[in-house]
Amino acid sequence: MKISSNRTITEKEGYEAMLYMLQAYLEATGSKDLTDILSGGEYWLEADTPADSAFWEYWKEAVNKVKIDGPPPLKQLF
């Protein structure tokens, strides 16, 4: 699956989308292995084709979540 988009987001929205995407990946897979996360999102064999096509879907969902819900909730230290 080739990925493409002409949608633009700010750097801050990109950061927030990354946080949403990582949380969704953790919830979906239970994996905390950074190698799994990074290797699945890499382009593999050809440009615009992620190793794991689900990553593009996770990313689009995360960008939409930032646009609709705004930043992730703040963490509080106790």
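Quick caveat: nothing in here was measured; it's all calculated off a predicted structure.

Participant: An account of a nonpolar patch on the surface is requested, with residue identities and associated values reported.
Facilitator: The grouping of Y15, M18, L19 and L22 at the surface amounts to a nonpolar patch, some 340 Å² of accessible area in total. Along the chain, the position of Y15 falls in helix α1 (residues 11–29).

Participant: I'd like to hear about the confidence of the model for the chain, residue by residue, with values.
Facilitator: In the predicted model, the chain carries a mean pLDDT of 84, and 95% of its residues have values of at least 70. Within the chain, the lowest mean pLDDT, 77, falls on helix α2 (residues 34–41), and the highest, 90, falls on helix α3 (residues 54–69).

Participant: Please give an account of the packing of α1 against α3 that cites residues and values.
Facilitator: Two numbers describe how α1 lies on α3: the axes approach to 8 Å, and their chain directions differ by 125 degrees. The angle between the axes of α1 and α3 places the two elements in the oblique class. Our pair here, α1 against α3, has a crossing hand that is right-handed. Counted together, E13, G14, E16, A17, M18, Y20, M21, Y25 and A28 of α1 and F55, Y58, W59, A62, V63, K65, V66, K67 and D69 of α3 form the full contact between these two elements. Considered class by class, the residues forming the contact of α1 with α3 number 12 nonpolar, one polar and five charged.

Participant: Tell me what's going on with the packing of aromatic side chains, and back it up with residues and numbers.
Facilitator: Overall, the coordinates contain three aromatic pairs when judged by the stated rule. Counting every residue linked through ring pairs, the aromatic cluster contains Y25, F55 and Y58.

Participant: Quick rundown of the environment of M21? Include the residues and the values.
Facilitator: By the element assignment, M21 lies in helix α1. Residue class for M21 comes out buried when judged on its relative accessible area of 13%. Once residues within four sequence positions are removed from consideration, M21 is found in contact with F55, Y58, W59 and A62.

Participant: Go over α3 with me, naming the residues and quoting the values.
Facilitator: Under the 1.5 Å per step criterion, the end-to-end length of α3 is 22 Å for 16 residues, consistent within 8% with the ideal 22 Å. Lining the buried residues of α3 we find α1 and α2. Where α3 ends, the next residue or the one after it, G70, has phi of about 80 degrees, a positive value.

Cut-offs used in this document
- Residues numbered from 1 in each chain as written.
- Predicted model: local features only at pLDDT ≥ 70, side-chain atom pairs only at ≥ 80, totals over all residues.
- Heavy atoms only, no water.
- Patch = residues over 30% accessible without salt bridge, like charges linked within 9 Å, V, L, I, M, F, W, Y side chains within 5 Å.
- Areas by Shrake-Rupley, 256 points an atom, 1.4 Å probe, with all protein chains shown as cover.
- Salt bridge = Lys/Arg side-chain N within 4 Å of Asp/Glu carboxyl O.
- Helix = DSSP H or I, 4+ residues; strand = E, 2+ residues; numbered from the N terminus.
- pLDDT = per-residue confidence, 0-100.
- Axes fitted to C-alpha atoms, helices over the stretch in contact; angles between N-to-C directions.
- Parallel < 35°, antiparallel > 145°, perpendicular 65-115°, else oblique.
- Left-handed = near helix turned anticlockwise from the far one by under 90°.
- Contact = heavy atoms within 4.5 Å.
- Nonpolar A, V, L, I, M, F, W, Y, C, P; charged D, E, K, R; others polar.
- Phe/Tyr/Trp six-rings, centres within 6.5 Å; stacked < 30°, edge-to-face > 60°.
- Buried < 20%, exposed > 50% of the residue type's maximum accessible area, 1.4 Å probe, protein only.
- Expected span 1.5 Å × (residues − 1).

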